[in-house]
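Descriptive structure summary
The chain contents come next:
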Amino acid sequence: MKCVFLSLILLAVMTRPSSATPPAQTMDTKPAMQVENLRCEYLHNPLGIGTIEPRLSWFINSSKRGTKQQAYQILVATRKERLNEKSADLWNSGQVKSDRMAQIVYAGKPLRSEMRCFWTVRVLDQAGNVSAWSEPARFTIGLFQASDWKASWIGAPPETASTLHDPPIPPS
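This report concerns the structure included in the present document.

What counts and what doesn't
Residues numbered from 1 in each chain as written. Predicted model: local features only at pLDDT ≥ 70, side-chain atom pairs only at ≥ 80, totals over all residues. Heavy atoms only, no water. Helix = DSSP H or I, 4+ residues; strand = E, 2+ residues; numbered from the N terminus. Buried < 20%, exposed > 50% of the residue type's maximum accessible area, 1.4 Å probe, protein only. Contact = heavy atoms within 4.5 Å. Areas by Shrake-Rupley, 256 points an atom, 1.4 Å probe, with all protein chains shown as cover. Salt bridge = Lys/Arg side-chain N within 4 Å of Asp/Glu carboxyl O. Polar contact = N/O pair within 3.5 Å; in protein donor to acceptor, adjacent residues only side chain to side chain.

1. Describing the overall build of the protein chain
- What the protein chain contains, in helices and strands, is two helices and eight strands.
- Along its sequence from the N terminus, the protein chain presents helices and strands in the succession α-β-β-β-β-β-β-β-β-α.
- Taking all 172 residues of the protein chain together, the buried fraction comes to 28%.
- Residue pairs in contact within the protein chain that sit at least 24 positions apart in sequence constitute 64% of those at least 6 positions apart.
- By element, 58% of the accessible surface of the protein chain is carried by carbon and sulfur atoms, the whole surface being about 12800 Å².

2. Notes on the pattern of salt bridges
- Enumeration over the complete set of coordinates arrives at four salt bridges.
- Arg82 is paired through a salt bridge with Asp89; the nearest N and O atoms lie 2.7 Å apart.
- According to the relative accessible area criterion, Asp89 is buried, its value standing at 19%.

3. A few points about the environment of Ile141
- Its place among the elements puts Ile141 in the loop between strand E8 (137-140) and helix H2 (158-161).
- Relative accessible area serves as the criterion here: at 2%, Ile141 is assigned to the buried category.
- Separated by 94 residues in the primary sequence, Ile141 and Leu47 place their C-alpha atoms 6.9 Å from one another.
- Those residues in contact with Ile141 that sit more than four places away from it in its chain are Gly48, Ile49, Thr51, Ile52, Leu111, Arg112, Ser113, Glu114 and Met115.

4. Considering the side chain of Thr140
- As for its placement among the helices and strands, Thr140 is situated in strand E8.
- For Thr140, a relative accessible area of 15% corresponds to the buried category.
- With sequence-adjacent residues up to four places away left out, Thr140 is seen in contact with Pro46, Leu47, Gly48, Ile49, Glu114, Met115 and Arg116.

5. Points about the environment of Gln73
- Mapping Gln73 onto the fold places it in strand E3 (residues 69-77).
- Assessed through its relative accessible area of 6%, Gln73 is described here as buried.
- Between the C-alpha atoms of Gln73 and Lys97, which are 24 residues apart in sequence, the distance is 9.0 Å.
- Sequence-distant contacts of Gln73, that is, excluding residues within four places in its chain, are made with Glu85, Asn92, Ser93, Gly94, Gln95, Thr120, Val121, Arg122 and Trp133.
- Polar side-chain contacts of Gln73 include one of 2.9 Å to the side chain of Asn92.

Coordinates in, geometry out; function isn't part of it.
Written out as C-alpha cells, the structure reads:
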C-alpha cells in the first residue's frame, strides 16, 4: 500500500507544471554566437605597438556545443564610426575561409606612426550562421622614425653642467 501511495505522489510531482522557467525559455538576449576578447599583439586595446603589421586575435563564444569558425571578416578604420563594410577606410578583409582566430596579420593600407585604428570582426560557423560584428577594439601605432620623436632631453644647461659634479677627491 505504501508503495502505491509513494508512486502516486511521485507521479503527481513529475506531471505538475513547474513555475520555474526552463533554461531554453529564459529572457536571455545573448546571441547564439558572438566574437569576444579581441586582441592586437596579444594585448587588449594596446597603445604604441611596435609593428606596422599587427597580428589580430579573438575568441568565439557560442551557446551551441561544437560551434566552429569556418570563415571570418575583419574591418579596420581610422574612426569607430567607419566600422562598416562600405566605410572601413583602412582594411576590409572580405570573407576569408579559415578557422584561424589567432595571429591574423593586418593586410590593409600602410599604417603610420601614431595612427589610431579601430577594428571589428565577425565569423561564419560550420552551419552557415553569421555572427554579429564584435564590439569594436582599437590599437595605436608606436613611433618608428627619428623624426617622429618631438621631445627634447631634460638636463642642466651646458654652462652649469660642470658645477654639478663633486670636486675630485685628493689622493691620500
